[in-house]
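# Fold and geometry: a report
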Amino acid sequence: MKTIAVIGGGITGVTTAYALAKRGFAVTLIEKHRYAAMDTSFANGGQLSASNSEVWNHWSTMLKGIKWMLKSDAPLLVNPKPSWHKLTWFAEFIAAIPHYNKNTVETVRLAIAARQHLYAWAEEEGIDFDLKQKGILHIYRDKAGFDHAASVSTLLAQGGLERRAVTPAEMRAIEPTLAGKYYGGHFTESDATGDIHKFTSGLAAAIARLGVDCRYGQDVQAISADAGGASITVGSGDETSTSRFDGVVICAGSASRALGAALGDRVNIYPVKGYSITVNLNDAQSQAAAPTVSLLDDATKLVCSRFGADRFRVAGTAEFNGYNRDIRADRIRPIVEWVEQCFPGVSTRSVVPWAGLRPMMPNMLPRVGRGRLPCVFYNTGHGHLGWTLSAVTADMIGDVVAQALGARAPHSSALQTAAA
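Residues numbered from 1 in each chain as written. Predicted model: local features only at pLDDT ≥ 70, side-chain atom pairs only at ≥ 80, totals over all residues. Heavy atoms only, no water.

## Re the sheet that holds strand E1 (residues 3–7)
- Spatially, the six strands line up as an open sheet ordered E9-E2-E1-E13-E20-E19, and their pairing is mixed. Lying at the two open borders of the sheet, with one neighbouring strand each, are strand E9 (213–216) and strand E19 (367–370). Neighbour-to-neighbour, the strand axes of this sheet turn through a mean angle of 15°, independent of strand direction.
- In this sheet, strand E20 (residues 376–380) lies alongside E19 in antiparallel orientation, the contact comprising four bridges. (Pairing = 2+ DSSP bridges. Helix = DSSP H or I, 4+ residues; strand = E, 2+ residues; numbered from the N terminus. Axes fitted to C-alpha atoms, helices over the stretch in contact; angles between N-to-C directions.)

Dropping the structure here:
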C-alpha cells in the first residue's frame, strides 16, 4: 500500500486525506495544531458560494486598493511597506487581469462540482455542520454596483450557475430582517452556508475511522524529496522524528509557499488576512432579528451566515499585511457597525472577533496538481473560496495522486465533472 503524507489539517488537508483514504492509500495527516480546523478554517464567513466566484483580477480592484491604502477601516487594505514577496505577487496579479473572464468561469464550474462532493460526504459520514440551503443574496446600494453584478452574472451563467436580479421589494421578501435602502440585488438560490469548523472536525473524525494516522500538534521542521519519495521531520517541543513516505501533498495554507520552496517548487501564495465576528444571539429578540438567508454586501466586502438558532457570523475584508495575525480593533469595529446598521434588532453585546490568513495565488485559482518531483503534489492557495472549492479540489488531487502512484481510481472523476 502506498504511503502518502498530507501536510495541513484545515479544510483542504482533511478533505484531501479523505479523498486519498477512499482511494486505498495509507494516509498520514500532519497538523501543527492540537485539532483540525484551528487556523484559517476556524471561523470564516460560512458561505458555500458559487456566486462569489468572480476573481479579483480587475483594474477596479487595483484602483480601490490605491484609494483605500491609508484608510484603516477600508474593506481592502494594503500595507504600503514594500516587500519582494508582495511586489512579485501583485505583479503576477496584474498579469492575470486579461484572464479575468476565463478564470471566473473556471472557478464557478469548480464551485458547482464541489457541492455534490461535499453534500455526499457529509451525508455518508453523518456530519452536522449547520447546513442551510436557502441561497445567497448579493446586495447593492447603487446602480454602478448592481450593473457590475449583472455583468458578473453573465460570466457565472457561462459556468453553469443561475443568478437572478431582484428588486428591493423582492429582497425584503427573501430576507425580511434586512434594514436600509438598496438599489437592488442578485440572488442565487442554489448557494448554501455551513460551519466550516464543524464540517472539518466531523470529517477529521471520519478519516480517523478510515484509518488515517492523524498526527496533531506536530510542526514540520524539515522536508525533502527525491525520485523515490519524501522525508518529513516533525517536532513538538524538543522532540523531533523523521518519517519517509511514497508521496506528499502540501495543503498547508499560507505555509505552503515555504514548504514548496524547500521542495524546489515556486508556490507564490500571499497571506491575505480576513476578519470575522460571531454574534451570539442570546435573546429571543436577537434571534428573530437576525437573517436566515446568507448575504454578501459587495460595497463593504462583508458576508454573513446564520448558524443554527443562536449564532450569526459576519466576515470579510482583505488585508495585505504579511503574516501578521493580529486582531485589530479598527478592523473589527466596522463589521460590528455593519450588523447594527443592517440588523438593528440584533444585540451586539456578545461578539467574538477572529482573524485568519487566506492563502491566495495571484491568479485567484488554487494550485492543484504535481510538483517538480514525481512524489510531490499540491492542493493549496484557495484564497477566500477554500470552503467552497475544497471538496472538488480534494477529489481532483486524489485522481492525480492515484494516476501518479498507481492506486485505484474513483468511479467518477472530479476532473471530468468540473470539465463537463
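## Regarding a positive patch on the surface
- On the surface, Lys64, Lys67, Lys71 and Lys301 cluster together into a patch of positive charge.
- Among the structural elements, Lys64 can be located in helix H2 (residues 59–67). (Patch = residues over 30% accessible without salt bridge, like charges linked within 9 Å, V, L, I, M, F, W, Y side chains within 5 Å. Areas by Shrake-Rupley, 256 points an atom, 1.4 Å probe, with all protein chains shown as cover. Salt bridge = Lys/Arg side-chain N within 4 Å of Asp/Glu carboxyl O. Lys, Arg positive; Asp, Glu negative; His and termini not counted. Charge placed at Lys NZ, Arg CZ, Asp CG, Glu CD.)

## Considerations on the sheet that holds strand E11 (residues 229–236)
- Taken in spatial order, the three strands of this open sheet run E10-E11-E12, and their pairing is antiparallel. Strand pairing shows two members of the sheet lacking a second neighbour, strand E10 (219–226) and strand E12 (239–245), which therefore form its edges. Mean inter-strand twist for the sheet, computed between neighbouring axes without regard to direction, equals 15°.
- Judged from the seven bridges that link them, E10 and E11 form a sheet pairing that is antiparallel. For Asp219, the partnering residue across the bridge sits in E11 and is Gly235.

## So, the environment of Tyr35
- In this structure, Tyr35 sits in the loop between strand E2 (26–31) and strand E3 (47–48).
- The exposure class assigned to Tyr35 is partly exposed, which follows from its relative accessible area of 47%.
- Taking the C-alpha atoms as reference points, Tyr35 and Pro362, 327 residues apart in sequence, are found 30 Å from one another. (Buried < 20%, exposed > 50% of the residue type's maximum accessible area, 1.4 Å probe, protein only.)

## Structural notes on the packing of aromatic side chains
- The final tally for this structure, using the stated rule, is 14 aromatic pairs.
- Arranged with centres 6.3 Å apart and planes meeting at 70°, the rings of Phe90 and Phe93 form a pair that is edge-to-face. Taken together, the residues span about one helical turn, with Phe90 and Phe93 both in helix H3 (residues 84–95) at a distance of three residues.
- The buried category is assigned to Phe90, whose relative accessible area is 18%.
- Ring centres of Phe90 and Phe320 lie 5.0 Å apart, and the angle between their planes is 40°; on these two criteria the pair is classed as tilted. Remark: Phe320 occurs in strand E17 (residues 311–320) and Phe90 occurs in helix H3; sequence separation between them is 230 residues. When sorted by exposure, Phe90 lands in the same class as Phe320, which is buried.
- Counting every residue linked through ring pairs, the aromatic cluster contains Trp89, Phe90, Phe93, Tyr270 and Phe320. (Phe/Tyr/Trp six-rings, centres within 6.5 Å; stacked < 30°, edge-to-face > 60°.)

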